[in-house]
Amino acid sequence: MVYSANLRLISDIITHIEKSVRKGEDMGKYDFDRIIDRKGTACAKHDGGLKYKGRDDLLAMWVADMDFSLPPEVLEDLHKRVDHGIFGYTHGDDEYYRILDNWLYSRHGYHISEEDVILCSGVVSALASAIRAYTKEGDAVIIQEPVYYPFRRVIEHNNRVCISSCLKYENERYEMDFDDFEKKVEENNVKLFVLCSPHNPVGRVWTRKELEKIGDICLKHDVIIAADEIHCDITYPGVKFISFLNLDDKYTEKLIVFNSASKTFNVAGLTLSNTIIKDRELNEAYRREEVAAGHGNKNLMGLTAMKAVYSKGGEWLGEMLEYIQGNLNYVREFIKENLPKARLIEPEGTYLVWIDFSGYGLSDDELEDLILNRAKLWLDAGSMFCEKAGQFERIVIACPREIVAEAFNRIKKALDEI
C-alpha cells in the first residue's frame, strides 16, 4: 500500500506515453509532462529562492504560477509581434474587446462592451486603484480569510482598515459566515468588500445562492463589491463557475470585477488584466483614479498574448484542466495512503491544494521547519493567508506530475523521520 501511489504514477506516465504514440481521437495534443528548466530566466518562482530564502536547494511550489509552456499556436502570434520590430505605445483595440467578449460569453455566459472594460497591469494593482477610487484613508475594507495575502497588504498599505470575516471551516469544507460578515460590515461601517471567487487558497467555487446572499448584504449596507475572478476558468468536473456578472443587474450598481488570462494561461509576466465595471458612475470614478496614478500605456505583448490565448487557447486549456485533474487525483490518493493524519480540502476550482497538517501535532513553527528544512520544499505557509491557518500549507499542482510526486514523497519522508 505504501508504494501504490508511486505505482499509480508510473501507470499514469506509461499511459501518457502510449497516448503520445497512438493515433486516435483520444490522443492529447500537448505535453504537460515535459519538465522545462526555468532557472536563470528571472523567474520569481524558481529563481526567487536565493533572493527570498537565501538558498537554491528548494523545490518551488509556492506562487500561483504554472510550469507549462504556452501552446505553439499562441507562441506563433507572439513571435510575429516580435518580428514586427516596433514596440510603441499601446491601447486595447476593437479586436481585443471582441475576442474578450466572445471568451467571456462562450465560457461564462455574460457579455461586455469596450466601455465596460479598463485595461490594467494586473489584478492586485487594479484592486489598489479600486481601493483608492471608492474609499478614503481610514475607511474599512472587508475580506474573508484565509485569503490571498496581497488583499490585506494592499488594503493596509493604502492606509485603510482591513476587517476580516473568517470563513467557517467545518468537516473539511469552507463556507461563508454570513451573520459574522453582516455584523462586521455594520460595526465597522465597511465601504468595500474584496471577494475572491473562485477562492484562493481554499478552492471554493461559490454558488449562485451564496453570491446572491453576500451581494444582498452589500446592497443593504451600501458596500461596493470588488470581485477577484482571476481563477474563473479553472474548475473541476461537475463544478460551474458563476460570475457576479451572471447575477441580477441590481448588483452591477455596486460591482467591479477583475479577471485576466494570467492564471488560465500563465501569462502573468506579460502584465495585463481586465477591470469590468458596468455602472457608469463607478466606471468613471475608477478611470479618474487610473489617470491620477499615471496608469496609461498598456503592455503590447500582454495584449498580443491575451488575444492569442482567448482566441486559440481553448483546446490547450481543456487538456490542461484534464492534466490538473490527474494531478489532484494523485495527491488525493497519496494523502489517503501515505499521510493519514493530513487532510486535503477538496478544491472545486484553481490549481492550488490546501492541506491541513494539524493531525500531526506539530507547532506552526515546527511544521514550517519540516517543510522548508527537512522536505526542502518552498510552499506558501497557511499563516500567510490568515494568522489562524498556521497548520495549513498551500501547494501549487500546475506542474508535471513527476514534480508533484517528488514533492509529496519529500513530505512523507520528512514526516516519517520525526
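Residues numbered from 1 in each chain as written. Predicted model: local features only at pLDDT ≥ 70, side-chain atom pairs only at ≥ 80, totals over all residues. Heavy atoms only, no water.

Enquirer: An account of the packing of aromatic side chains is needed here, citing residue identities and associated values.
Expert: Enumeration over the complete set of coordinates arrives at 22 aromatic pairs. Centroid distance Tyr52 to Trp378: 6.4 Å. Interplanar angle 50 degrees. Geometry classified as tilted. With Tyr52 in helix H2 (residues 44–53) and Trp378 in strand S13 (residues 377–378), this residue pair connects regions lying 326 residues apart in the sequence. Since its relative accessible area comes to 5%, Trp378 is described here as buried. Plain terms: the ring middles of Tyr330 and Phe334 are 5.9 Å apart, the flat faces sit at 35 degrees to each other, and that makes the pair tilted. Linking Tyr330 with Phe334, this pair stays in helix H11 (residues 314–338), spanning 4 residues, or about one helical turn. For Tyr330, a relative accessible area of 2% translates into the label buried. (Phe/Tyr/Trp six-rings, centres within 6.5 Å; stacked < 30°, edge-to-face > 60°. Helix = DSSP H or I, 4+ residues; strand = E, 2+ residues; numbered from the N terminus. Buried < 20%, exposed > 50% of the residue type's maximum accessible area, 1.4 Å probe, protein only.)

Enquirer: So, the pattern of salt bridges: which residues are in play, and what are the values?
Expert: Per the stated rule, a full pass over the model turns up 31 salt bridges. Residue Asp65 pairs with Arg38 through a salt bridge whose shortest N-O separation is 2.9 Å. Here Asp65, found in the loop between strand S1 (59–60) and helix H3 (72–84), pairs with Arg38, found in the loop between helix H1 (4–21) and H2; they are 27 residues apart in sequence, far enough to count as distant. For Asp65, a relative accessible area of 15% gives the class buried. A salt bridge links Arg332 to Glu346, with the nearest nitrogen and oxygen atoms 2.5 Å apart. Remark: Glu346 occurs in the loop between strand S11 (343–345) and strand S12 (352–356) and Arg332 occurs in helix H11; sequence separation between them is 14 residues. Where salt bridges share partners, they join Arg173, Glu175, Arg204, Glu210 and Glu348 into one cluster. (Salt bridge = Lys/Arg side-chain N within 4 Å of Asp/Glu carboxyl O.)

Enquirer: Tell me what's going on with the confidence of the model for the protein chain, and back it up with residues and numbers.
Expert: The predicted model of the protein chain has a mean per-residue pLDDT of 93, with 94% of residues at 70 or higher. Contacts of residues 1–5 to residues separated by more than four positions or lying in other chains number 8 contacts, the stretch itself having pLDDT below 50. Contacts of residues 13–25 to residues separated by more than four positions or lying in other chains number 7 contacts, the stretch itself having pLDDT below 50. (pLDDT = per-residue confidence, 0-100. Contact = heavy atoms within 4.5 Å.)

Enquirer: Before we move on, can you summarise the sheet that holds strand S14 (residues 380–381) with the specific residues and values?
Expert: Reading across the sheet, the 4 strands line up as S11-S12-S15-S14 and stay open at both edges, with antiparallel pairing between neighbours. What marks the edges here is a single partner per strand, and that holds for S11 and S14. Across 2 bridges, the pairing between S14 and strand S15 (residues 392–396) is antiparallel. Residue pairing across strands places Ala381 opposite Glu393, the latter belonging to S15. (Pairing = 2+ DSSP bridges.)

Enquirer: Which residues make up a negative patch on the surface, and what values do they have?
Expert: Together, Asp364, Asp365, Glu366 and Asp369 make up a negatively charged patch on the protein surface. Positionally, Asp369 belongs in helix H12 (residues 364–374). Judged by its relative accessible area of 35%, Asp369 falls in the partly exposed class. (Patch = residues over 30% accessible without salt bridge, like charges linked within 9 Å, V, L, I, M, F, W, Y side chains within 5 Å. Areas by Shrake-Rupley, 256 points an atom, 1.4 Å probe, with all protein chains shown as cover. Lys, Arg positive; Asp, Glu negative; His and termini not counted. Charge placed at Lys NZ, Arg CZ, Asp CG, Glu CD.)

Enquirer: Can you tell me about the pairing of S15, naming the residues and giving the values?
Expert: Burial within S15 is extensive, with 5 of its 5 residues counted as buried. With burial as the criterion, each face of S15 is covered, one bearing Phe392, Arg394 and Val396 and the other bearing Glu393 and Ile395. Here 5 bridges tie S12 to S15, and the two strands are oriented antiparallel to one another. By the bridge assignment for S15, Leu352 is matched with Val396.

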